Amino acid sequence: MSQADVPSRVPVWPRVLGVVLALVGLALLIGGIQLVTLGGSWYYLIAVAASVVSGVLLVRGKPLGALLYLVVVIATAIWALAEVGTAFWGLVPRLAPVLVLGLFAALALRS
């Protein structure tokens, strides 16, 4: 059997991360919709939608899901800095969860 005949196996944990990203994104989607309807920032809704898509891609074994989530991390850092500046306690709730999940996305990209 040649190398081309052997299906590539994706480790389980990137798929688990995909499920987590998709479920967290779906849970936060309602808040994003409410924020937009109240005249708030569209960024939250866009980032949550991208997180859901990222999760679905990871569940399907596509490394593009990890790359997409890393784009979400970078965009969120830029958005947070633009919104609150360098105020540490203003940045923590905006960045901490995204950065933790981004670390796992980076590790998923490596595998």
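Presented here is an overview of the structure given in this document. (Residues numbered from 1 in each chain as written. Predicted model: local features only at pLDDT ≥ 70, side-chain atom pairs only at ≥ 80, totals over all residues. Heavy atoms only, no water.)

A word on the packing of helix α3 (residues 64-84) against helix α4 (residues 88-110)
Phase 1: Interaxial distance between α3 and α4 falls to 9 Å at its minimum, and their mutual angle equals 160°. Taken together, the axes of α3 and α4 lie roughly antiparallel to each other. In this structure, α3 meets α4 at a crossing whose hand is left-handed. From α3, A66, L67, Y69, L70, V73, T76, A77, W79, A80, L81, E83 and V84 reach across to α4, where they touch G90, L91, R94, L95, V98, L99, L101, G102, A105, A106, A108 and L109. (Axes fitted to C-alpha atoms, helices over the stretch in contact; angles between N-to-C directions. Helix = DSSP H or I, 4+ residues; strand = E, 2+ residues; numbered from the N terminus. Parallel < 35°, antiparallel > 145°, perpendicular 65-115°, else oblique. Left-handed = near helix turned anticlockwise from the far one by under 90°. Contact = heavy atoms within 4.5 Å.)

So, the environment of I78
Phase 1: With respect to the helices and strands, the residue I78 is situated in helix α3.
Phase 2: In this structure I78 comes out as exposed when scored by relative accessible area, which is 55%.
Phase 3: C-alpha of I78 to C-alpha of S41: the two residues are 37 residues apart in sequence and 14 Å apart in space. (Buried < 20%, exposed > 50% of the residue type's maximum accessible area, 1.4 Å probe, protein only.)

What about α4?
Phase 1: Where α4 bends most, at L95, the angle is about 45°, and the proline P97 comes one to four residues later.
Phase 2: Those residues of α4 lying buried are G90, L91, L95, V98, L101, G102, A105 and A108.
Phase 3: Summarising the contacts, the buried residues of α4 are in contact with α1 (12-37), α2 (43-59) and α3. (Bend = angle between axes of the 7 residues up to and from the residue.)

Digging into the packing of aromatic side chains
Phase 1: Evaluated as defined, the whole model comprises two aromatic pairs.
Phase 2: Ring centres of Y43 and W79 lie 5.0 Å apart, and the angle between their planes is 20°; this geometry places the pair in the stacked category. Of this pair, Y43 sits in helix α2 while W79 is found in helix α3, placing the two residues 36 residues apart along the sequence.
Phase 3: A residue is classified by how much of its surface remains accessible, and Y43, at 18% relative accessible area, is buried.
Phase 4: A relative accessible area of 22% places W79 in the partly exposed class.
Phase 5: Considering the side-chain rings of F88 and W89, the 4.8 Å spacing of their centres and the 80° angle between planes classify their relative orientation as edge-to-face. (Phe/Tyr/Trp six-rings, centres within 6.5 Å; stacked < 30°, edge-to-face > 60°.)

Regarding the pattern of salt bridges
Phase 1: Evaluated as defined, the whole model comprises one salt bridge.
Phase 2: A salt bridge links R94 to E83, with the nearest nitrogen and oxygen atoms 2.6 Å apart. Of this pair, R94 sits in helix α4 while E83 sits in helix α3; the two residues are eleven residues apart in sequence, bridging distant segments of the chain.
Phase 3: The exposure class assigned to E83 is partly exposed, which follows from its relative accessible area of 42%. (Salt bridge = Lys/Arg side-chain N within 4 Å of Asp/Glu carboxyl O.)

What to know about the nonpolar core
Phase 1: Grouped together as the largest cluster of nonpolar side chains are 14 residues, with contacts concentrated most on L17, L21, L58, Y69, V72, L101 and A108.
Phase 2: For this core, the secondary-structure elements that each account for two or more residues are α1, α2, α3 and α4.
Phase 3: Those residues in contact with Y69 that sit more than four places away from it in its chain are L21, S51, S54, V98, L101, G102 and A105. (Core = buried A, V, L, I, M, F, W, Y, C linked by side-chain atoms within 4.5 Å.)

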